[in-house]
Amino acid sequence: NAGVTQTPKFQVLKTGQSMTLQCAQDMNHEYMSWYRQDPGMGLRLIHYSVGAGITDQGEVPNGYNVSRSTTEDFPLRLLSAAPSQTSVYFCASSRDFRNTEAFFGQGTRLTVV
Amino acid sequence: DQQVKQNSPSLSVQEGRISILNCDYTNSMFDYFLWYKKYPAEGPTFLISISSIKDKNEDGRFTVFLNKSAKHLSLHIVPSQPGDSAVYFCAASATGGGSNYKLTFGKGTLLTVNP
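Residues numbered from 1 in each chain as written. Chains lettered and ligands numbered in written order. Predicted model: local features only at pLDDT ≥ 70, side-chain atom pairs only at ≥ 80, totals over all residues. Heavy atoms only, no water.

A.B. asks: I keep staring at the pairing of strand β9 (residues 87–94) of chain A and nothing clicks. Help me out?
C.D. replies: A regular strand places its side chains so that they alternate between the two faces of the sheet. Residues and elements named next belong to chain A. For β9, the buried fraction is high: eight of the eight residues fall into the buried class. Across the two faces of β9 the burial is the same, with Ser-87, Tyr-89, Cys-91 and Ser-93 and Val-88, Phe-90, Ala-92 and Ser-94 all buried. Where strand β4 (residues 31–37) meets β9, seven bridges bridge the pair, whose relative direction is antiparallel. Note that in β9 the partner of Met-32 across the bridge is Ser-93. (Buried < 20%, exposed > 50% of the residue type's maximum accessible area, 1.4 Å probe, protein only. Helix = DSSP H or I, 4+ residues; strand = E, 2+ residues; numbered from the N terminus. Pairing = 2+ DSSP bridges.)

Set out below in structure tokens:
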């Protein structure tokens, strides 16, 4: 049981490049979400999904795109990377909307130069 | 506007003593509260939660207290152990009003437990 798997763990991008952060869970959870964590800040919600085919914006969605074609996968796309997107990104999944016992991946540390 | 506030960036306690981490919130719609623990280079892990219909929830060494009138909750760790050293995040969620499925996090408190 792998839980929530994020890839890659580290990434350096040049300004303007695009990339996809991968997130997969094997717990058959309906609810998945993406957060970013910046120094001195808590985790801020980027996008979330309540099931395959259903996504919605969180607190800081600009510059990011998501889709949910399967229950297992919830990729996060950076359309045109900017230095302000330098952050640590966490994917999470949970079985209920309260995010009780939400399981987080180990994070992706992204640097945009 | 920060809806969940952890005003102490750090806390240092001696092993065996009590650790008390505090959290304040401003959104009266919040009705479910959670604490997460995070070690460096790892994702947060769920610790304990409390519904607004309760004022206390206990799980082993961890107890969360909720004071709805003061919009305040606290996490007590007794006794504290060196392995408890981590960043602790307070989080809250609300039912309805488009707030379902969203967790709002505080900035975190770094707890250091000294042997």
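A.B. asks: How should the interface of chain A and chain B be read in this particular structure?
C.D. replies: Interface size is often expressed as the accessible area that is lost when the parts come together. Contacts between chain A and chain B engage 21 residues on the former and 21 residues on the latter. Taking both partners together, chain A and chain B bury about 1,800 Å²; carbon and sulfur atoms supply 61% of that area. The tally of links from chain A across to chain B stands at zero salt bridges. For the pair chain A and chain B, the number of links is zero residue pairs in polar contact (both at pLDDT 80 or more). At the level of secondary structure, the elements contributing two or more residues to the side of chain A that touches chain B comprise β4 and β5 (43–51) of chain A. A total of four residues in the side of chain A that touches chain B trace back to one element, the largest contributor, which is β5 of chain A. Within the side of chain A that touches chain B, the residues separate by chemical class into 11 nonpolar, eight polar and two charged. (Contact = heavy atoms within 4.5 Å. Buried area = accessible area lost by both parts, 1.4 Å probe. Salt bridge = Lys/Arg side-chain N within 4 Å of Asp/Glu carboxyl O. Polar contact = N/O pair within 3.5 Å; in protein donor to acceptor, adjacent residues only side chain to side chain. Nonpolar A, V, L, I, M, F, W, Y, C, P; charged D, E, K, R; others polar.)

A.B. asks: Is there a simple way to explain the sheet that holds strand β1 (residues 4–7) of chain A in this structure?
C.D. replies: The strands that make up a sheet pair up through hydrogen bonds in the backbone, lying either parallel or antiparallel. Residue and element names in this part refer to chain A. The sheet built from four strands is open, its strands ordered β1-β3-β8-β7 with antiparallel pairing. Strand pairing shows two members of the sheet lacking a second neighbour, β1 and β7 (64–66), which therefore form its edges. Averaged over neighbouring strand pairs, the angle between their axes works out to 20° when direction is ignored. Pairing between β7 and strand β8 (residues 76–78): three bridges, direction antiparallel. What sits directly across from Asn-65, in β8, is Arg-77. (Axes fitted to C-alpha atoms, helices over the stretch in contact; angles between N-to-C directions.)

A.B. asks: Where do I start with a nonpolar patch on the surface in this structure?
C.D. replies: Residues Ile-18, Ile-20 and Val-78 of chain B make up a contiguous nonpolar surface patch of roughly 220 Å² in combined accessible area. Locating Ile-20 of chain B in the fold gives a position in strand β3 (residues 19–25). (Patch = residues over 30% accessible without salt bridge, like charges linked within 9 Å, V, L, I, M, F, W, Y side chains within 5 Å. Areas by Shrake-Rupley, 256 points an atom, 1.4 Å probe, with all protein chains shown as cover.)

A.B. asks: Looking at this model, I keep getting lost on the packing of aromatic side chains. Mind explaining?
C.D. replies: Here the structure, examined in full by the defined rule, presents 10 aromatic pairs over all chains. Between Tyr-36 of chain B and Phe-46 of chain B the ring centres are 5.9 Å apart and the planes differ by 75°, which places this aromatic pair in the edge-to-face class. Of this pair, Tyr-36 of chain B sits in strand β4 (residues 30–38) while Phe-46 of chain B sits in strand β5 (residues 45–51), placing them 10 residues apart in sequence. For Tyr-36 of chain B, a relative accessible area of 0% gives the class buried. Here Phe-46 of chain B falls in the partly exposed class, since its relative accessible area comes to 23%. Between Phe-89 of chain B and Phe-105 of chain B the ring centres are 6.3 Å apart and the planes differ by 85°, which places this aromatic pair in the edge-to-face class. Here Phe-89 of chain B, found in strand β9 (residues 86–94), pairs with Phe-105 of chain B, found in strand β10 (residues 104–105); they are 16 residues apart in sequence, far enough to count as distant. Judged by relative accessible area, which is 1%, Phe-89 of chain B ranks as buried. You can call Phe-105 of chain B buried: its relative accessible area is 7%. Following the ring pairs from residue to residue traces out a cluster consisting of Tyr-35 and Phe-104 of chain A together with Tyr-36, Phe-46, Phe-89 and Phe-105 of chain B. (Phe/Tyr/Trp six-rings, centres within 6.5 Å; stacked < 30°, edge-to-face > 60°.)

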